[in-house]
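Results of the structural survey
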Amino acid sequence: MARTLAPWYRSRRMDVVFASFSTLAQATPSTSLLSFFGQAGPMAKLVLGLLLLFSLGSWTIMVRKHRQLVRAERENKRFLEIFRKGSGFREVATAAGGLQGSPLVGIFQAGYAEIDGQIRAGQAEPRPGERELRLKSIPALERTLRRAIGIETATLAQNTSFLATTAAATPFIGLFGTVWGIMVAFNDIGVSGSTSLQTVAPGIAEALINTAAGLVAAIPALIGYNHFSGRLKQARARMEDFGLELVNLAERNFT
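The present account deals with the structure reproduced in this document.

Definitions and limits used
- Residues numbered from 1 in each chain as written.
- Predicted model: local features only at pLDDT ≥ 70, side-chain atom pairs only at ≥ 80, totals over all residues.
- Heavy atoms only, no water.
- Helix = DSSP H or I, 4+ residues; strand = E, 2+ residues; numbered from the N terminus.
- Buried < 20%, exposed > 50% of the residue type's maximum accessible area, 1.4 Å probe, protein only.
- Contact = heavy atoms within 4.5 Å.
- Areas by Shrake-Rupley, 256 points an atom, 1.4 Å probe, with all protein chains shown as cover.
- 1 Å grid on protein atoms, 1.4 Å probe; cavity = no way out; pocket = protein on both sides within 12 Å on 5 of 7 lines; lining within 4 Å.
- Points joined across faces, edges and corners; volume = space filled by probe spheres on them.
- Nonpolar A, V, L, I, M, F, W, Y, C, P; charged D, E, K, R; others polar.
- Salt bridge = Lys/Arg side-chain N within 4 Å of Asp/Glu carboxyl O.
- Core = buried A, V, L, I, M, F, W, Y, C linked by side-chain atoms within 4.5 Å.
- Polar contact = N/O pair within 3.5 Å; in protein donor to acceptor, adjacent residues only side chain to side chain.
- Phe/Tyr/Trp six-rings, centres within 6.5 Å; stacked < 30°, edge-to-face > 60°.

This paragraph deals with the overall build of the chain. Along the backbone of the chain there are 8 helices and 0 strands. Out of the 255 residues belonging to the chain, those deemed buried represent 32%. Sequence-distant contacts, at least 24 apart, represent 79% of the contacts inside the chain between residues at least 6 apart. With an accessible surface of roughly 16,100 Å², the chain has 62% of that area assigned to carbon and sulfur atoms.

Quick look at the structure:
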């Protein structure tokens, strides 16, 4: 008798297993993000689309900003080697022409233009007993370098404020979608007159997916903003150090 029932039992057990997998496969699409988006209402689709735009924008900025900073750091090192080995400002200016991705090159070019302008003005109005190559105003050179540092810092920091906006705004946009979805769910309960899980669950799931999407957009943007803020502070510190080095060198040679 046991031998007769065993094959039937195994066959029956396999049928149950296959039926379970079939049920799971049929249920899986209903829990996918695309399925949620397809079944969502107009307001939920609007919220999810807006969050997607914020997320794509922030990721695009983070990738571009990473490449920009990597290039700036690489070319800064090359420029400093040229600057410290060069025999004169004119030679350094010529050699640094191909390193336009370096913020230090922009600062040097602004400082060099100011130094050259002051020297030319001094040569046009020579004073008895003074050296031919002479700076008229070190404070003017310092102001020029501070302005150049500000311009280069603003260039490096361009569009990073969008990351801060994404990190701050998208959780609230997602929360708005959640609140709206819950309102729709309660309205459906009132219309149907049923509080069963089958009636409530779709609306609640649609509502909560907006909060999840808001967090998915906000968290990478927040991490990226803090990361790039730290790197930008380091880059500005290097620019200020170079500005002081350039002022000291100019004061040593032209005063």
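Right, picking up where we left off after that structure.
Moving on: empty space enclosed by the protein. Summary: where empty space remains is shown by rolling a probe the size of a single water molecule over the atoms. Counting across every chain of the model gives 1 cavity of 30 Å³ or more. Here the largest cavity is characterised by a volume of approximately 50 Å³. Contributing to the lining of the largest cavity are Leu69, Ala72, Glu73, Asn76, Pro103, Leu156, Arg231, Ala235 and Arg238. Looking at the lining of the largest cavity, the elements with two or more residues in it are helix H3 (42–85) and helix H8 (197–254). Element by element, the count of residues in the lining of the largest cavity is highest for H3, at 4 residues. Taken together, the residues of the lining of the largest cavity break down into 5 nonpolar, 1 polar and 3 charged.

So, about the pattern of salt bridges. Scanning all chains against the criterion turns up 6 salt bridges. For the salt bridge of Glu73 with Arg231, the shortest nitrogen-to-oxygen distance reads 3.4 Å. Remark: Arg231 occurs in helix H8 and Glu73 occurs in helix H3; sequence separation between them is 158 residues. Among the charged side chains, a network of salt bridges with common partners joins Glu73, Arg231 and Arg238.

Moving on, we get to the nonpolar core. By size, the foremost hydrophobic cluster in this structure holds 34 residues, and its most contacted members are Phe79 and Phe108. For this core, the secondary structure elements donating two or more residues are H3, helix H4 (89–95), helix H5 (103–124), helix H6 (138–156) and H8. For this core, the element with the highest residue contribution is H8, accounting for 9 residues. Among all residues touching Phe108, those that are not within four sequence positions of it are Phe79, Phe83, Phe89, Val92, Ala93, Phe242 and Leu246.

Okay, unusual backbone geometry next. One non-glycine residue, Asn159, adopts positive backbone phi at about 75°. Turning to its location among the elements, Asn159 is positioned in the loop between H6 and helix H7 (160–192).

In this section: the environment of Glu75. By the element assignment, Glu75 lies in helix H3. Classification of Glu75 as buried rests on a relative accessible area of 6%. A C-alpha to C-alpha distance of 6.5 Å links Glu75 and Gly101, two positions 26 residues apart in sequence. For Glu75, the contacting residues outside a window of four places in its chain are Leu99, Gln100, Gly101 and Ser102. Only 2.8 Å separates the side chain of Glu75 from the backbone nitrogen of Gly101, close enough to count as a polar contact.

This part covers the packing of aromatic side chains. Pairs of aromatic rings are described using the distance from one ring centre to the other and the angle between the two planes. Across all of its chains, the model carries 10 aromatic pairs by this definition. Seen in terms of ring centroids, Phe176 and Trp180 are 6.2 Å apart; in terms of plane orientation they differ by 40°. Their pairing is tilted. Here Phe176 pairs with Trp180, and both are found in helix H7, just 4 residues apart, close to one helical turn. According to the relative accessible area criterion, Trp180 is partly exposed, its value standing at 35%. Among the aromatic residues, those joined into a cluster by ring pairs are Phe79, Phe83, Phe89, Phe108, Tyr112 and Phe242.

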